[in-house]
Amino acid sequence: MRQTDRSIFVRKGVVCENCRSLERHRLIFAFLKDRGLLSGNRRILHIAPEPCLALILRARFGKNYIHGDKHVGHYSDRGAMELDLCHDLDKFADASFDLVIHNHVIEHVLCDYRPVLRKLDMLVKPGGWHIFSIPFMPGGYREASPEDGEDWCIANCGQWDHRRVFSPDDLQDTLGAVMPLPESYDATQLLPPDRLRAMNMPESTWRGFNNNSVFFLQRSVD
C-alpha cells in the first residue's frame, strides 16, 4: 500500500501486483464466484467502486451494474455516477438490487451513518446480499465533531479523512443497532483455510472482527 503518515492502516505486502486488490476484495470475489452470484440477470449497486471488482462486475452485468461515488472525478471509469450517500440514496427504490457492495465507505460519510446504512440495507431485494467492510480500532466507537481536524481524525479514527471508527468492543451497540449482525466472525466458515492462505489472508485475521472482516448479510425472503 502507498506509504503515508496520514493513516495507521497502511500495510506492506497486501496489494496484488496484477489487479491491485486487497484481501477484502479477494474474499468478496471468491464469495460471489462460489455462490454463483457472478451470473444471471442481477442488479448491483457498488459504492466507491474498486477497479479490481468494478471491471469484473461491469463486464458481467453491463447496464445492471450501477456504481458511484461522491468524488466521481477520482475514477477513470467515466461510467461511474456521482452519488452522495447523505442525499442521493432516495433516488433508488427499496428492494431494487440483488447485491449492494461497499468497502471502507461508512467511516467517511459526513452525515449520520445510521440512516445511510439502513437505507443501503433496505435497497437489497429479498434473497439478495448486502456486502461491506469497515475499519476497526479498539477502544469503542468514536466520531469526529465538525470542529475536529485531520490530526484528531488520525489519532482517534486512524486516518485523516475518517469521521468515525467502529470497534469490536461495542459493535452490537453501533452497527448492530442499525441491522442484525453476526455475533462473531470466522472467515473459515466462508472459505477453507488453504484458499484463505492462497489469497494472502493473514491467519491472525481469520477470526474476530478486524479490518479484513467482510459482512455478508443476506436479506430474508420472508
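Please refer to the structure higher up on the page.
Right, let's walk through the structure included here. Residue indices begin from 1 for each chain and proceed along its sequence in written order. Totals for whole chains, interfaces and linings use every residue, but because this is a predicted model, local features are given only for residues with pLDDT of at least 70 and side-chain atom pairs only at 80 or more, for both listing and counting. The side-chain figures draw on all heavy atoms in the structure; neither hydrogens nor water molecules are used.

It is characteristic of soluble globular proteins that their nonpolar side chains tend to be buried jointly. Among the nonpolar cores identified, the biggest contains 58 residues, and Leu-32, Leu-45 and Ile-131 are the most heavily contacted of them. In this text, helices come from DSSP runs of H or I with a minimum length of four residues, and strands from runs of E with a minimum of two, each type numbered from the N-terminal end. Elements that contribute at least two residues to this core include exactly α1 (23-34), β1 (44-47), α2 (51-61), β2 (65-69), β4 (97-103), α3 (113-122), β5 (124-133) and β8 (215-218). Sequence-distant contacts of Ile-131, defined by excluding residues within four places in its chain, comprise Ile-28, Phe-31, Leu-32, Leu-99, Val-100, Ile-101, His-102, Val-214, Phe-215 and Phe-216. Residues belong to one nonpolar core when they are buried, are Ala, Val, Leu, Ile, Met, Phe, Trp, Tyr or Cys, and are joined through side-chain atoms within 4.5 Å. We call a residue buried when its accessible area falls under 20% of the maximum for its residue type, exposed when it is over 50%, and partly exposed in between, using a 1.4 Å probe and counting protein chains only. Contact criterion: two residues are considered in contact whenever any of their non-hydrogen atoms come within 4.5 Å of each other.

Right, let's talk about the sheet that holds β5 for a bit. The six strands lie next to each other as β3-β2-β1-β4-β5-β8, forming an open sheet whose pairing is mixed. In this open sheet, the two edge strands, each paired with only one partner strand, are β3 (81-82) and β8. Pairs of strands are assigned from DSSP output, requiring at least two bridges between the strands. Relative to β8, β5 runs antiparallel, the two being bridged by four bridges. Counterpart to Ile-131 in the pairing with β8 is Phe-216. In this analysis an axis means a line fitted to C-alpha atoms, helices contributing only their contacting stretch, and an angle means the value between N-to-C directions, from 0 to 180 degrees. On top of the sheet, α3 reaches β1, β4 and β5; it is set at about 135° to β5, its chief contact.

With that settled, consider the packing of aromatic side chains. Note on ring pairs: Phe, Tyr and Trp rings are taken, using the six-membered ring of Trp, and paired if centres are within 6.5 Å. Classes follow the plane angle, with under 30 degrees stacked, over 60 edge-to-face and the rest tilted. Summed over the entire model, instances satisfying the criterion amount to ten aromatic pairs. Between Phe-92 and Phe-97, the ring centres sit 5.4 Å apart and the planes meet at 80°, which makes this aromatic pair edge-to-face. On the basis of relative accessibility, which here comes to 0%, the residue Phe-97 falls in the buried class. Seen from their ring centres, Phe-136 and Phe-209 are 6.1 Å apart, and the 40° between their planes marks the pair as tilted.

This part is about the state of the cysteines. By definition, disulfides here are pairs of cysteine sulfur atoms that lie within 2.5 Å. All told, the structure shown has one disulfide when counted by the stated rule. The thiol of Cys-16 is not disulfide-bonded; the next cysteine sulfur, from Cys-19, is found 3.7 Å away. The class for Cys-16 is partly exposed, based on a relative accessible area of 22%. Classification of Cys-19 by relative accessible area gives partly exposed; the value is 36%.

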